[in-house]
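# Residue-level structure breakdown
Spelled out, the chains give:
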Amino acid sequence: MPQIINGRNIANEIQDDLRADISEWLKTNKRNPSLVAVLVGDDPASIKYVEKKMEAAKYVGIDSKIEKLPDTISESELISKINHLNEDVSVDGILVQLPVPEHISERNVCNAVNPIKDVDGFHFSNAGKLCLNMDTFVPCTVLAVIELLKRTGVETFAKNIVVCGRSKHIGLPLSILLHSDARNQLPGLEATVTMCHRNTPPEQLRVFTKLADIVISATGVVHLIKEDMVKQGACVVDIGMTRTKTQEGKVKLVGDVDFENVKNVAEYITPVPGGVGPVTVAMLMKNTFKAAKIHLS
Ligand SMILES: NC(=O)c1ccc[n+]([C@@H]2O[C@H](COP(=O)([O-])OP(=O)(O)OC[C@H]3O[C@@H](n4cnc5c(N)ncnc54)[C@H](O)[C@@H]3O)[C@@H](O)[C@H]2O)c1
């Protein structure tokens, strides 16, 4: 029987510890840590994700606010809003919920957030520090995967890991930390990493995943990872979250991994939903507390 990694339980443990830490910290600090989520437009998925983040913030003792903006906003207006938040001393963490509308450059927006308030870790200077294993804000999904592996006791030292997906905020930074040296400011996990992407031929992908001790997928391709692509006893981490509709018209989140079949061969596996997602939110809370400690120290 595989061990199904329960992301909700792990997220609750992290948030309970953080709530206690923030409560302790408030004995010597005048205000709670604070987080602002910038939400552009009315995308239902984005609204839901931001609401989940706000709920978690409330639970752990982080003051939080949604800055809701119309999808007609121009890039310069959005950047000017971000600049106001950068200058606001009562704000510790800023996140811009992605995606932003097509007429706005995601990169320009990520680069507009003050790097010391960049709790998503998307600013180029934080991405650069990560590449050099310097202490920085690491993207929350990357932290979530590492936390899930550590808390589940999955060994990474000298193991083979395949990462499917090379995006600048998930696949790439995750691959960097997975293969890095553990003896740095930002500790790496010492694995041998193979990165696959949309141009990796399917038969090649299968060769790589079949060799892997750990398969991590972040593509948004529903059921990309099938049972015959996974080695017996491997650990499979599914970051993918695709919103689909059931026959009754209900929204259903589906992962990159064909969970029902892959669980026959995997020793550890994360479900979707209830795997990486909740831990990602918990790590955002940790990053916000880290930002508050920097600002209020
Ligand atoms: N669980 C979480 O907390 C969390 C957080 C953010 C995003 N996500 C989900 O993670 C997934 C990836 O998000 P993203 O923002 O990195 O997406 P993206 O679109 O930026 O990147 C997708 C990546 O998948 C690769 N890819 C596409 N088809 C592939 C294939 N057939 N084989 C191998 N690689 C392939 C692409 O080359 C690309 O690098 C999405 O489903 C997203 O919803 C989950």
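Residues numbered from 1 in each chain as written. Predicted model: local features only at pLDDT ≥ 70, side-chain atom pairs only at ≥ 80, totals over all residues. Heavy atoms only, no water.

Naming follows an unreviewed UniProt entry, where the protein chain appears as methenyltetrahydrofolate cyclohydrolase of Pyrocoelia pectoralis. Recorded in UniProt for the protein chain, the comment headed Subunit (unreviewed entry) runs: "Homodimer." Per UniProt, the comment on the protein chain under Catalytic activity (unreviewed entry) is "(6R)-5,10-methenyltetrahydrofolate + H2O = (6R)-10-formyltetrahydrofolate + H(+)". (UniProt positions renumbered as here; feature names shortened; annotations may be inferred.)

This part is about the pairing of strand β10 (residues 251-254). Both strand β9 (residues 242-245) and β10 contribute to a ladder of four bridges, which runs antiparallel. What sits directly across from Thr-244, in β10, is Lys-252. Hairpin remark: β9 followed by β10, antiparallel, with five residues in the connecting loop; positive phi at Gly-249, about 90 degrees. (Pairing = 2+ DSSP bridges. Helix = DSSP H or I, 4+ residues; strand = E, 2+ residues; numbered from the N terminus.)

With that out of the way, let us pick up the site of the ligand. Arg-166, Ser-167, His-169, Arg-198 and Thr-280 are the nearest of the 19 residues found near the ligand. In the environment of the ligand, an oxygen atom lies 2.9 Å from a nitrogen or oxygen atom belonging to the backbone of Arg-198. The separation between an oxygen atom of the ligand and a polar main-chain atom of Met-241 is 2.9 Å. Here the ligand has 870 Å² of accessible area as a free molecule, and 76% of this is covered by the chains. (Near = heavy atom within 4 Å. Polar contact = N/O pair within 3.5 Å; in protein donor to acceptor, adjacent residues only side chain to side chain. Areas by Shrake-Rupley, 256 points an atom, 1.4 Å probe, with all protein chains shown as cover.)

Residues Arg-8, Lys-48, Lys-52, Arg-243 and Lys-245 make up a contiguous surface patch of positive charge. Looking at the positive patch, the elements with two or more residues in it are α2 (44-60) and β9. As for its placement among the helices and strands, Lys-245 is situated in strand β9. Overall, the relative accessible area of 62% leaves Lys-245 in the exposed class. (Patch = residues over 30% accessible without salt bridge, like charges linked within 9 Å, V, L, I, M, F, W, Y side chains within 5 Å. Salt bridge = Lys/Arg side-chain N within 4 Å of Asp/Glu carboxyl O. Lys, Arg positive; Asp, Glu negative; His and termini not counted. Charge placed at Lys NZ, Arg CZ, Asp CG, Glu CD. Buried < 20%, exposed > 50% of the residue type's maximum accessible area, 1.4 Å probe, protein only.)

Strand order in this open sheet of six strands is β1-β11-β8-β7-β5-β6, and the pairing throughout is parallel. Here the strands that pair on one side only, and so sit at the sheet edges, are β1 (3-4) and β6 (192-196). Bridging between β1 and strand β11 (residues 268-269) involves two bridges; their strand directions are parallel. Paired with Gln-3 across the two strands is Tyr-268, which belongs to β11. Packed on one face of the sheet, helix α8 (residues 202-211) meets β5 (160-164), β6 and β7 (214-217) and runs near 140 degrees to β5. (Contact = heavy atoms within 4.5 Å. Axes fitted to C-alpha atoms, helices over the stretch in contact; angles between N-to-C directions.)

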